Amino acid sequence: MDVRIYMEALEEQKLSPFAVLSKNTKGRQRPMEPCTIRTEFQRDRDRIIHAKSFRRLMHKTQVFLAPEGDHYRTRLTHTLEVSQIARTIARALRLNEDLTEAIALGHDLGHTPFGHSGEEVLDRICSGGFRHYEQSLRVVDVLEGGKGLNLTYEVRDGIVNHAGKNEATTLEGKIIKLADRIAYINHDIDDAVRGGVIAPEDIPAECRKTLGNTHGERLQTLVVDVIENSHDKPEVSMSREIHEAMMELRNYMFANVYTNSIAKTEEEKAKGIVETLFKTFVNHPARLLEEKLGNVVFSDERDVCDYIAGMTDNYAIYVFKTLFEPRGWQTR
């Protein structure tokens, strides 16, 4: 008996009626022979983990640009925290943990360098705008490896619908939208306190009273509330009281950390780098070849957008310096 068939049988026995069974996936864009060991969603998770776009997340900003410290979150550590929270919820609700994990690991693959600052610039100057969740889908469908990862419908649906107004069609995908918010609000508080941007006692008293005073207490409250409020239901949601407290906390973070704080002092420079690179490549598509930065050829604005969105912070700064900082004369 091959392992995959055994794992599919276990899913059928143990998972909730509301879970998506691996054997019932709506399939891939291109047919593939089934793996003898892994279910379809396990296979998607592995494909994402081995992707170059996944590895680049370690050098992309979460909130703090190029922080002087080893313990601030990056886009990669954010992704791992989302995955951990989402898997905990999925396991407790007897939903498909493999599907949940695959969506979580892939949800931010399309994020730009310099976090949401880079996204704001591309959204403003690109024809048709730019949204990181749509770009994440484009990465797994088209860009990674030159032909995409050929993931299942359910993983792709969860990735593109983890943010914005649309909702995922699976409960596993709905978990990611909540887990993403739970993760970033709380770890951004942790980083902001570490960086001296806010103090623990600055957090609104009602939020502390409802959700807890520490990072661990808040996570526990939020995760347990999702589980208790969603148990044996065809939905994933929070109680009204806890959700309102979380959103108040989010509003506090936007007012005190995400905008107009000392954490954002370098943001305009980062935005300038993204905008300058974009306009340079659109107007002078041969610049990378001229500077011997690679054999990248841009045929249109979409190519430029894809290239810049895929950059790490470090590489965007390096390319900018190479193109625009004067170098000393080198004799032959």
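Small disclaimer: the values here were computed from a predicted structure and weren't measured.

What the rule picks out here adds up to 7 aromatic pairs. Each ring, one from Phe64 and one from Tyr72, has its centre 5.3 Å from the other, and the planes form 45 degrees; the classification is tilted. Of the two residues examined, Phe64 and Tyr72, each falls in the buried class. With centroids separated by 6.1 Å and ring planes inclined at 70 degrees, the aromatic side chains of Phe281 and Tyr307 adopt a geometry described as edge-to-face. Of this pair, Phe281 sits in helix α13 (residues 267–283) while Tyr307 sits in helix α15 (residues 301–309); the two residues are 26 residues apart in sequence, bridging distant segments of the chain. Under the relative-accessibility criterion, Phe281 is labelled buried at 1%. In textbook terms, an aromatic cluster arises when at least three aromatic residues are bridged by ring pairs, as seen for Phe281, Phe298 and Tyr307. Cation over ring: Arg194 sits above Tyr72, and NZ or CZ is 5.9 Å from the ring centre. For Arg287, the ring lying beneath its charged end belongs to Phe324, and the centroid distance is 5.9 Å.

With respect to the helices, strands and loops of the structure, Lys264 is situated in the loop between α12 (240–258) and α13. On the basis of relative accessibility, which here comes to 18%, the residue Lys264 falls in the buried class. C-alpha of Lys264 to C-alpha of Pro67: the two residues are 197 residues apart in sequence and 11 Å apart in space. The contacts of Lys264, once residues within four sequence positions are left out, are Val63, Val257, Tyr258 and Thr259.

Time to look at the packing of helix α4 (residues 75–92) against helix α11 (residues 215–230). At a minimum axis distance of 9 Å, the contact between α4 and α11 shows a crossing angle of 35 degrees. Along this stretch, α4 crosses α11, giving a crossing that reads as right-handed. Each of Ile85, Thr88, Ile89 and Ala92 in α4 lies in contact with α11, whose residues at this interface are Leu219, Val223, Val226 and Ile227. The residue makeup of the contact of α4 with α11, split by class, is 7 nonpolar, 1 polar and no charged.

To continue, consider unusual backbone geometry. Even without a glycine there, the phi angle at Arg94 is positive, about 60 degrees. Mapped onto the elements, Arg94 comes out in the loop between α4 and α5 (97–106). Among the residues examined, Arg94 registers a relative accessible area of 36% and is labelled partly exposed. One non-glycine residue, Phe114, lies in the positive phi region at around 65 degrees. Considering the arrangement of structural elements, one finds Phe114 in the loop between α5 and α6 (115–125). With a relative accessible area of 4%, Phe114 lands in the buried category.

The next point concerns the pattern of salt bridges. Summed over the entire model, instances satisfying the criterion amount to 32 salt bridges. In this structure, the salt-bridge partner of Arg194 is Asp191, at a minimum N-O distance of 3.1 Å. Remark: Asp191 and Arg194 occur in helix α9 (residues 171–194); sequence separation between them is 3 residues, near one turn of the helix. Here Glu291 makes a salt bridge to Arg287, at a shortest N to O gap of 3.8 Å. Residue classification places Arg287 among the buried residues on the basis of a relative accessible area of 18%.

About the thresholds
- Residues numbered from 1 in each chain as written.
- Predicted model: local features only at pLDDT ≥ 70, side-chain atom pairs only at ≥ 80, totals over all residues.
- Heavy atoms only, no water.
- Phe/Tyr/Trp six-rings, centres within 6.5 Å; stacked < 30°, edge-to-face > 60°.
- Buried < 20%, exposed > 50% of the residue type's maximum accessible area, 1.4 Å probe, protein only.
- Helix = DSSP H or I, 4+ residues; strand = E, 2+ residues; numbered from the N terminus.
- Lys NZ or Arg CZ within 6 Å of the ring centre and 35° of its normal.
- Contact = heavy atoms within 4.5 Å.
- Axes fitted to C-alpha atoms, helices over the stretch in contact; angles between N-to-C directions.
- Left-handed = near helix turned anticlockwise from the far one by under 90°.
- Nonpolar A, V, L, I, M, F, W, Y, C, P; charged D, E, K, R; others polar.
- Salt bridge = Lys/Arg side-chain N within 4 Å of Asp/Glu carboxyl O.

Read these as spatial facts, not as claims about activity.
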